[in-house]
Amino acid sequence: MPVAAAADCIPPERPFLPQSLEDMRAYADLLRSDFEGYIADIQEYFRCLDVERQRAFQEAREVSEDYGKLVELLE
C-alpha cells in the first residue's frame, strides 16, 4: 500500500436507513448492499489510518533523532 497522508484517508458515508419498516422491506436488497459496502469501505478506511499512523510514528522517531544530533552538535 502506498504511503498515505491522513487527508488521503476518506471516511465512507454512513448508509441511509429509512424510518419506515415498510420502506426497509421494499428496499431490503439495496439497503443490505449499501450496508455491506459501508462495512467493506470502513475497514479500508481503518487500514489507511493505520498506515498513516505508522508513517507518522516513524517520521517522529527520525525527527527526534535528528534533533538529538542537532543538540549534540550545538553543545
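Residues numbered from 1 in each chain as written. Predicted model: local features only at pLDDT ≥ 70, side-chain atom pairs only at ≥ 80, totals over all residues. Heavy atoms only, no water.

Colleague: I would appreciate a short explanation of the packing of aromatic side chains in the present structure.
Modeller: In this description, an aromatic ring pair is defined by two values, namely the gap between the centres and the angle between the planes. Tallied over the full model, the rule gives one aromatic pair. Ring geometry for Tyr45 versus Phe46: centroids 6.1 Å apart, planes at 40°, classification tilted. (Phe/Tyr/Trp six-rings, centres within 6.5 Å; stacked < 30°, edge-to-face > 60°.)

Colleague: What is the right way to read a nonpolar patch on the surface from this model?
Modeller: On the surface, a cluster of nonpolar side chains totalling about 570 Å² of accessible area is made up of Tyr67, Leu70, Val71, Leu73 and Leu74. Considering the arrangement of structural elements, one finds Leu70 in helix α2 (residues 28–74). (Patch = residues over 30% accessible without salt bridge, like charges linked within 9 Å, V, L, I, M, F, W, Y side chains within 5 Å. Areas by Shrake-Rupley, 256 points an atom, 1.4 Å probe, with all protein chains shown as cover. Salt bridge = Lys/Arg side-chain N within 4 Å of Asp/Glu carboxyl O. Helix = DSSP H or I, 4+ residues; strand = E, 2+ residues; numbered from the N terminus.)

Colleague: Any chance you could explain the pattern of salt bridges here in plain terms?
Modeller: A side chain with one charge may pair with a side chain of the opposite charge, provided their charged atoms come close. The final tally for this structure, using the stated rule, is four salt bridges. The salt bridge involving Asp29 is made with Arg32; its shortest N-O contact spans 3.5 Å. Separated by three residues within a single helix, Asp29 and Arg32 lie in helix α2, roughly one turn from each other. According to the relative accessible area criterion, Asp29 is exposed, its value standing at 61%. Judged by relative accessible area, which is 48%, Arg32 ranks as partly exposed. We note a salt bridge from Glu44 to Arg47, for which the minimum N-O separation is 3.0 Å. Separated by three residues within a single helix, Glu44 and Arg47 lie in helix α2, roughly one turn from each other. Bridged by salt links that share partners, the residues Glu52, Arg55 and Glu59 form one connected network. (Buried < 20%, exposed > 50% of the residue type's maximum accessible area, 1.4 Å probe, protein only.)

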